[in-house]
There are 2 protein chains.
Amino acid sequence: MTDLPTTTERTDHPAPAGEVLEGYLNARAGAFLRALPLAVGEAGSRTGSLPSAGGTGGGQGVATGTGELLRCVRRIGGALHTFSPVFEPVWAEETRTELRWLSGLLAQEPGYVRRSARLLAALDSLSETDPARPGMLAGHAGAPKARALMERQLTLARTRAHTALLQELRSARLHALADRMTLLAGEVPVRPEGAGELRPRVAAALELLAAGVATLPPARAPYGGEGLHRLGAVPAQGVAADADAVVALDDAPWHRVRILVKRARYALEVCGASLAELDGIDQVLDRHQEAADAAVTVSTAARTPRITPATAYVLGVVHADQRLEVEAARYAFGHQWPTLQHHGWHEWASC
Amino acid sequence: MTDLPTTTERTDHPAPAGEVLEGYLNARAGAFLRALPLAVGEAGSRTGSLPSAGGTGGGQGVATGTGELLRCVRRIGGALHTFSPVFEPVWAEETRTELRWLSGLLAQEPGYVRRSARLLAALDSLSETDPARPGMLAGHAGAPKARALMERQLTLARTRAHTALLQELRSARLHALADRMTLLAGEVPVRPEGAGELRPRVAAALELLAAGVATLPPARAPYGGEGLHRLGAVPAQGVAADADAVVALDDAPWHRVRILVKRARYALEVCGASLAELDGIDQVLDRHQEAADAAVTVSTAARTPRITPATAYVLGVVHADQRLEVEAARYAFGHQWPTLQHHGWHEWASC
């Protein structure tokens, strides 16, 4: 337990774990119940068409109610996971399953909005013809067609996600989850014997994160170290059938670390604490995930039947560009992680 | 003249400039005359077909006689340029023009051999299916077709260059140049009043290099600083019609600096001096030039009529990969140049 965080603002008599958790979950469940009708209203009033790329960067595509609902869902789920010994186990496990389902449902549409904004901005930048900021695809005949293809496919995906969301927001499953949240807003089913201290569980979440980071391949020098040819691909376990599967194997440990970062953030939040460095790393890994997902989207779009070679060529460039964003995010992570370990790690506020 | 190099091994009575230059040029012209028949024999015995990629990396594709001839041509031309006030001006200008012509002729075929090796190695690495070192195009259907297309086009280009070389090696123009070299091996046409000191001319060559480097855009953070979208493109003067022209404008100042590096190297060589850091920068800028040329080759190949979208997609990825090599070379230059200025710059041997 060498990495056990030290407390900087310890009160002489910390509140009991159960009390802190109950207060936290009551508040989050209340926020869930306030955000739910807003999100339902927003989903009903949206047409499912994709907003213009300019106004949707950085998650701005998430409507207020939906965004707040997603935030509550993730935090309640995170708390139920990290502090699991505290809760009645069957109830906690069932609730987590339902929250994961809603989280996946809510995240889909804004995810497509962000991916569309990311890819169209990348393509516009690559094909920029302004002589002061020209792109490597400036004036390329395939650029407008590739743009239209990606926009069409992402709009279709977004519309499907929107329809699925509308349906599920009216489902019995959601009503049952809302009922669970109504109960949680008043009373948290804790195990009397499990309400120990919060601090060791937060420390354990941070240790799990450190262990996850230890599974990542060693940081590479900028521009690939051993050459640029394997954009984003490093030794991976298992045999993959195609390029997307190979790259998915390569990305998997990073995606796992991203989940561990979020759990650590939410665990700290229960204690009213936060680490700026951890928030920064969370954003870097969000970027990593979004670039990796965008690369798969481009690679899929390139398999559309009857596209022209010029379109396919542009998609190849955009694919490489997104894998390069993946590399850039890993490089940024390699810089930020040691800072977190040497500074922020030991400075989180006491519980 | 703040950057004027200081001498570290000054002899009390340095040899007169004319004498040193005459000795250097006599020796290089003699080497030219010995290498010429070897190069002619090599060109006649080669079939013009492309050797396998494995054995041609790093300039090994240049046959011994041709390589030695090219080295002599470049060094004699460099000396005539850098120490021009020493020579009879009309003779020097005419000789330099003919040497430039021969240099371009000799460099073409080995250039295509290296470019082929570079691009096929990049494609093989990108489409590597070994689970321990998978590439982002592993198993992609377009990879073998793209490989065959690039190999076919580069073999054709190489065969054309070879035919042109064979023709010109028998031309009256080459015989006239050989006659000039025969004269130069015995006597150098110097201006009696121009034979001053060599050192200020070498210093001037280094200063021209520093001035050229000052025209380069400021070094960027790894992975593009402001984003990865403009792979290798930075503010460029002028308006370009297409993407290749835009990127050529972007590369131009780097290619100019590469020439200045070679002139500085050859100028030091006249004085029997060398700077390891300068040689390293020369290699980095050779890599920059070769990656930039390779990117244009790929972009041209992608405009071949009737290729499949899968082939075009792979070419798009390879194009982006080569522009990334360009960025990597610039990044390496940004690291190595300050080292040269702070260490090697003031340490070259005295003339």
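This text follows the structure it describes.
An account of the accompanying structure is given in this report. Residue numbers restart at each chain and count upward from 1, following the sequence in its written direction. A letter from A marks each chain and a number from 1 marks each ligand, given out in the order of writing. Local features in this predicted model are restricted to residues of pLDDT 70 or higher, and side-chain atom pairs are both shown and tallied only at a pLDDT of 80 or more, whereas totals for entire chains, interfaces and linings draw on every residue. Excluding hydrogens and water, the side-chain figures rest on all heavy atoms present in the structure.

1. Notes on the packing of aromatic side chains
Residue and element names in this part refer to chain A. We call Phe, Tyr and Trp rings a pair once their centres come within 6.5 Å, taking the six-membered ring for Trp, and we label the pair stacked below 30 degrees between planes, edge-to-face above 60, and tilted otherwise. Counted by the stated rule, this structure contains six aromatic pairs over all chains. Between Trp254 and Phe333, the ring centres sit 5.5 Å apart and the planes meet at 85 degrees, which makes this aromatic pair edge-to-face. Here Trp254, found in helix 7 (residues 243-270), pairs with Phe333, found in helix 9 (residues 309-342); they are 79 residues apart in sequence, far enough to count as distant. Only protein chains enter the accessibility calculation, which uses a 1.4 Å probe; a residue is then buried when its area is under 20% of its type maximum, exposed when over 50%, and partly exposed in between. The class for Trp254 is buried, based on a relative accessible area of 6%. Ring pairing ties together the aromatic residues Trp254, Phe333 and Trp337, which thus form one cluster. As a reminder, the over-ring test applies to NZ of lysine and CZ of arginine, requiring each to be within 6 Å of the ring centre and within 35 degrees of the ring normal. In this structure, Arg28 is placed above the aromatic ring of Tyr24, and the distance from its NZ or CZ to the ring centre is 5.5 Å. Here a strand is any run of E in DSSP of at least two residues, a helix any run of H or I of at least four, and the numbering for each starts at the N terminus.

2. Observations regarding the packing of helix 2 (residues 64-82) of chain A against helix 3 (residues 89-126) of chain A
Residues and elements named next belong to chain A. Orientation of helix 2 relative to helix 3, taken along the N-to-C sense of each, is 150 degrees, at an axis distance of 9 Å. Relative to helix 3, the element helix 2 lies roughly antiparallel. Helix 2 and helix 3 meet at a crossing whose hand is left-handed. Touching Thr66, Leu69, Leu70, Val73, Arg74, Ile76, Gly77, Leu80 and His81 of helix 2 are Trp91, Ala92, Thr95, Arg96, Leu99, Leu102, Ser103, Leu106 and Ala107, all from helix 3. Its residues placed into classes, the contact of helix 2 with helix 3 shows eleven nonpolar, five polar and two charged. For helices, the fitted axis covers only the stretch in contact; all axes are lines through C-alpha atoms, and the angles between them, taken along N-to-C directions, range from 0 to 180 degrees. Roughly parallel means an angle under 35 degrees; roughly antiparallel, over 145; roughly perpendicular, 65 to 115; everything else is oblique. For any pair of crossing helices, the crossing counts as left-handed if the nearer helix is rotated counterclockwise from the farther one by less than a right angle, and right-handed if it is rotated clockwise. Contact criterion: two residues are considered in contact whenever any of their non-hydrogen atoms come within 4.5 Å of each other. Each residue is assigned to one of three groups, with Ala, Val, Leu, Ile, Met, Phe, Trp, Tyr, Cys and Pro labelled nonpolar, Asp, Glu, Lys and Arg labelled charged, and all others, Gly among them, labelled polar.

3. A look at the side chain of Arg258 of chain B
Residues and elements named next belong to chain B. With respect to the helices, strands and loops of the structure, Arg258 is situated in helix 7 (residues 243-270). For Arg258, a relative accessible area of 15% puts it in the buried group. Residues in contact with Arg258, not counting those within four places in the same chain, are Leu285, Asp286 and Gln289.

4. Here's the deal with the packing of helix 7 of chain A against helix 8 (residues 276-301) of chain A
Residues and elements named next belong to chain A. Running from amino to carboxyl end, helix 7 crosses helix 8 at an angle of 150 degrees, the nearest separation of the two axes being 9 Å. As summarised for this structure, helix 7 and helix 8 are arranged roughly antiparallel, according to the angle between their axes. Crossing of helix 7 over helix 8 shows left-handed handedness. Contacts from Asp244, Asp251, Trp254, His255, Val257, Arg258, Val261, Lys262, Ala264, Arg265 and Leu268 in helix 7 reach Leu278, Asp279, Ile281, Asp282, Leu285, Asp286, His288, Gln289, Ala292, Val296 and Ser299 in helix 8. Along the lines of polarity and charge, the residues of the contact of helix 7 with helix 8 split into ten nonpolar, four polar and eight charged.

5. Remarks on the pattern of salt bridges
Residue and element names in this part refer to chain B. Salt bridge, as used here: a side-chain nitrogen of Lys or Arg that lies within 4 Å of a carboxyl oxygen of Asp or Glu. This structure, assessed with the given rule, holds 40 salt bridges over all chains. Put simply, Arg158 and Glu109 hold a salt bridge, and the shortest N to O gap is 2.9 Å. With Arg158 in helix 4 (residues 142-169) and Glu109 in helix 3 (residues 89-126), the pair connects residues that are 49 residues apart, well separated along the chain. Take Glu109: its relative accessible area is 2%, and that puts it in the buried class. A salt bridge links Asp124 to Arg147; its shortest N-O distance comes to 2.8 Å. Of the two residues, Asp124 sits in helix 3 while Arg147 sits in helix 4, which places them 23 residues apart along the sequence. We classify Asp124 as partly exposed; its relative accessible area is 34%. Take Arg147: its relative accessible area is 24%, and that puts it in the partly exposed class.

6. Focus: the side chain of Thr95 of chain B
All names here are of chain B. If you trace the backbone, Thr95 turns up in helix 3. Here Thr95 falls in the buried class, since its relative accessible area comes to 0%. Residues within four places of Thr95 in sequence aside, it is in contact with Leu80, Arg180 and Met181.

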